[in-house]
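Descriptive structure summary
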Amino acid sequence: MLDPRLLAERRDEVAESCRRRRVRADLDGAIAAYEAVARLRGAVDEANRLRNEHQKSGNRKLEAAEREAHVAAGRRLKEAVAAREAELAEAETRLAAAAAELPNFIHPDVPDGGEDDARELRRHGEPPRFDFAPLDHLALGEKLDLIDFESGTRVAGPKFYYLKNEAVLLELALVRLAVEMIRREGFTLYATPDLAKPDVVAGLGFNPRGEETQIYSIANADLCLVGTAEITLGGLFADRVLDEAELPIRLGGLSHCFRTEAGSYGRESRGLYRVHQFTKVEMFAVTRPEDSEAMHAELLALEERYFQALELPYRVLDIAAADLGAPAFRKFDIEAWMLSRGEAGGYGEVTSTSNCTDYQARRLGARFRRSGAKRTEHVHMLNGTAVAVSRALVALLENHQRADGSVAIPKALQAWCGFDRIAPK
RNA sequence: GGAGAGGUGGCCGAGUGGCUUAAGGCACAGGUUUGCUAAACCUGCAUACGGGAAACCGUAUCGAGGGUUCGAAUCCCUCCCUCUCCGCCA
């Protein structure tokens, strides 16, 4: 959510953000709604003031006739307050609806365009050159008895899967490597709830309901399955006022992630790349406004370090405006090389880190107080993937396969999984 | 799941319709005084929104939301949460 007080003042910037993100929103409606809310709030305050004044004047012995007149006047004042309040509530509803449509501001360096217009910042490593016929992760998963998609579909539906044998240990090792890396960097570790209340989900900028939603809802409870621990980690700060000295805060969250993938059927529909459930270690940071850009660079550096440790070739993208989503001010993705992308291999997203500035914090009510200051300010919130296990597995299996049908395990992972290769049975 | 007890300011806690702009205490901050492993006293001390250069003023907030009333922390309804006991359970 944007600060409604800034809408009129920074109208051009907001309109530009909507245009570049290809979001249609009624900006002028939001501005008008805010002005109505401000005006009506004043009217309610004034009506209440008159009512309170009248009440105080009645705090004494009154003659019967006098009391009767007092009560009648009080009744009229009460009705006046109720009328103003109804108008205010209506205006607030309009403002909330209009403001919810408006996306965050955009960092000046963010490229224009959509999915295909990201700016490639750098590449690391070379895609492997195989002197044999390489297999994609589906074939490897079946041959090495690591992944069972068929049973996943039978038991839970399409895009669910079972990990088996070494793949289970690989999941634990990937998680453990990520957790150890960020713990050393001062991140406090959390294993989070996998469900959250809809208003927390919405507070982080996700849409918990509706046709397009990526979020599962629970049928017999007012709860959603989280799409990322960003939701539950961000929720920790809802309605909190932090001391400046506590910042920055770095959290690491281990959770399962659930996504409906509505509208994406038929797109990369086979394999682990796009699935309904996966395990993820998420980094989350809370900073002062002036520190969020440096923190964003720090999160990206950690993501790169992790994929370097896995000895995987990757590239770093500065995501274009229309692909940012509403909360992100700027977003960097890491794409690892995968055999199963495109005709003969390509880069596929494995991590994503966003600086959401104060967009989520405002809706959540996450604030801090500068030392000595009386007023509070909203914090900045950032998130980044340490590891999303399903996609890391795709890259790992496809990049590290050998001519003999085995898959080599990178050194950094061996200590945590206990083997250095996965051989055909 | 059943029964009971509760939710008041940073914390403890008083408060069963108007004298509460929420008593008192603790903690915290500033000051005064005496003095020395500190105490006493005085003053201040919530958040949000609006107005004001500021002092300050107005409004809202006693778990949340509705209701009764001229007037609600206080009465009524719904919901949420916490604690105790019982049942079930990894």
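Residues numbered from 1 in each chain as written. Chains lettered and ligands numbered in written order. Predicted model: local features only at pLDDT ≥ 70, side-chain atom pairs only at ≥ 80, totals over all residues. Heavy atoms only, no water.

You can see Leu-339 is positioned in the loop between strand 11 (330-338) and strand 12 (346-355). Along the primary structure Leu-339 and Arg-5 are separated by 334 residues, whereas in three dimensions their C-alpha atoms are 50 Å apart. (Helix = DSSP H or I, 4+ residues; strand = E, 2+ residues; numbered from the N terminus.)

This next bit is on the sheet that holds strand 9 (residues 277-287). Spatially, the 8 strands line up as an open sheet ordered 1-10-11-12-15-9-8-4, and their pairing is mixed. Of all the strands in the sheet, just strand 1 (119-124) and strand 4 (188-191) have a single pairing partner and so form its edges. For this sheet the average axis-to-axis angle between neighbouring strands, irrespective of direction, equals 25°. Where strand 12 and strand 15 (residues 380-388) come together, 3 bridges link them in antiparallel fashion. By the bridge assignment for strand 15, Ser-354 is matched with Asn-383. Along the sheet, helix 12 (residues 389-399) contacts strand 9, strand 11, strand 12 and strand 15; its crossing angle with strand 11, the most-contacted strand, is approximately 35°. (Pairing = 2+ DSSP bridges. Axes fitted to C-alpha atoms, helices over the stretch in contact; angles between N-to-C directions. Contact = heavy atoms within 4.5 Å.)

A complete count under the given rule lists 33 salt bridges for this structure. With a closest N to O distance of 3.1 Å, Arg-176 and Glu-180 form a salt bridge. Of the two residues, Arg-176 and Glu-180 both sit in helix 7 (residues 166-184), 4 residues apart, roughly one turn of that helix. Residue Glu-180 is classed as buried on the basis of its relative accessible area, which comes to 8%. Taking the shortest distance from any N to any O, the salt bridge between Glu-290 and Arg-370 comes out at 3.0 Å. You can see Glu-290 sitting in the loop between strand 9 and helix 10 (292-309) and its partner Arg-370 sitting in the loop between strand 13 (367-369) and strand 14 (376-378), a full 80 residues away along the chain. (Salt bridge = Lys/Arg side-chain N within 4 Å of Asp/Glu carboxyl O. Buried < 20%, exposed > 50% of the residue type's maximum accessible area, 1.4 Å probe, protein only.)

As a matter of local geometry, RNA strand B sits amid 20 residues, with Asp-45, Arg-51, Arg-75, Lys-78 and Thr-376 nearest to it. Here the atoms of RNA strand B within 4 Å of the protein split so that 79% fall in sugar or phosphate, with bases taking the remainder. Here Val-71 contributes a backbone N or O atom positioned 3.1 Å from a sugar or linking oxygen of RNA strand B. The contact in question runs from a phosphate oxygen of RNA strand B to an N or O atom on the side chain of Arg-75, over 2.6 Å. Looking at the surface near RNA strand B, the elements that each hand over two or more residues are helix 3 (27-57), helix 4 (64-100) and strand 13. (Near = heavy atom within 4 Å. Polar contact = N/O pair within 3.5 Å; in protein donor to acceptor, adjacent residues only side chain to side chain.)

This structure, assessed with the given rule, holds 0 disulfides. Considering cysteine sulfurs only, Cys-224 is the nearest to Cys-257, which forms no disulfide, with 14 Å between them. With relative accessibility at 0%, the residue Cys-257 sits in the buried group. (Disulfide = S-S within 2.5 Å.)

Domain annotation of chain A identifies domain 1 (6-100) and domain 2 (115-422). Each of domain 1 and domain 2 has a C-alpha centre, and these two points are 43 Å apart. Around 470 Å² of area is buried between domain 1 and domain 2 when both sides are counted, 43% of it from carbon and sulfur atoms. The three residues of domain 1 that bury the most area against domain 2 are Arg-20, Arg-21 and Arg-22, which together make up 84% of that side's buried surface. In this assembly, domain 1 and domain 2 are joined by 0 salt bridges. Our count for the contact surface shared by domain 1 and domain 2 stands at 3 residue pairs in polar contact (both at pLDDT 80 or more). (Domains from an automatic or database assignment. Buried area = accessible area lost by both parts, 1.4 Å probe.)

Counting buried positions along strand 10 (residues 314-318) yields 5 of 5 residues, so the element is predominantly enclosed. Here strand 10 shows two buried faces, one formed by Tyr-314, Val-316 and Asp-318 and the other by Arg-315 and Leu-317. As paired elements, strand 1 and strand 10 share 5 bridges and run antiparallel to each other. The residue of strand 10 that forms the bridge with Arg-123 is Arg-315.

Attention now goes to helix 2 (residues 11-21). Of the residues making up helix 2, those classed as buried are Val-14, Ser-17, Cys-18, Arg-20 and Arg-21. Contact partners of the buried residues in helix 2: helix 1 (6-9) and helix 3. Of the residues one or two after helix 2, Arg-22 is the one with positive phi, at around 60°.

A few words now on the packing of aromatic side chains. Enumeration over the complete set of coordinates arrives at 4 aromatic pairs. Residues Phe-149 and Tyr-161 carry aromatic rings whose centres are separated by 6.3 Å and whose planes lie at 50° to one another, so their mutual orientation is tilted. You can see Phe-149 sitting in helix 6 (residues 149-155) and its partner Tyr-161 sitting in the loop between helix 6 and strand 3 (162-163), a full 12 residues away along the chain. Pair check on accessibility: Phe-149 and Tyr-161 agree, each one buried. (Phe/Tyr/Trp six-rings, centres within 6.5 Å; stacked < 30°, edge-to-face > 60°.)

Attention now goes to the sheet that holds strand 7 (residues 241-243). The strand order 7-13-14 describes an open sheet built from 3 strands, whose pairing is mixed. Strand pairing shows two members of the sheet lacking a second neighbour, strand 7 and strand 14, which therefore form its edges. The average undirected angle you get between the axes of adjacent strands in this sheet is 40°. In terms of strand pairing, strand 7 meets strand 13 through 3 bridges, oriented parallel.

It is worth spelling out the pairing of strand 15 at this point. Most of strand 15 is tucked away: 9 of the 9 residues are buried. Of the pairings in the sheet, the one linking strand 9 to strand 15 comprises 8 bridges and is antiparallel in character. Bridge pairing in strand 15 places Ala-285 opposite Leu-382.

Our focus in this paragraph is the side chain of Thr-353. Position of Thr-353 relative to the elements: it lies in strand 12. A polar side-chain atom of Thr-353 sits 2.8 Å from the main-chain carbonyl oxygen of Asn-383. Once residues lying within four places of it in the same chain are set aside, the contact partners of Thr-353 are His-296, Leu-299, Leu-300, Glu-303, Arg-330, Lys-331, Phe-332, Asn-383 and Gly-384.

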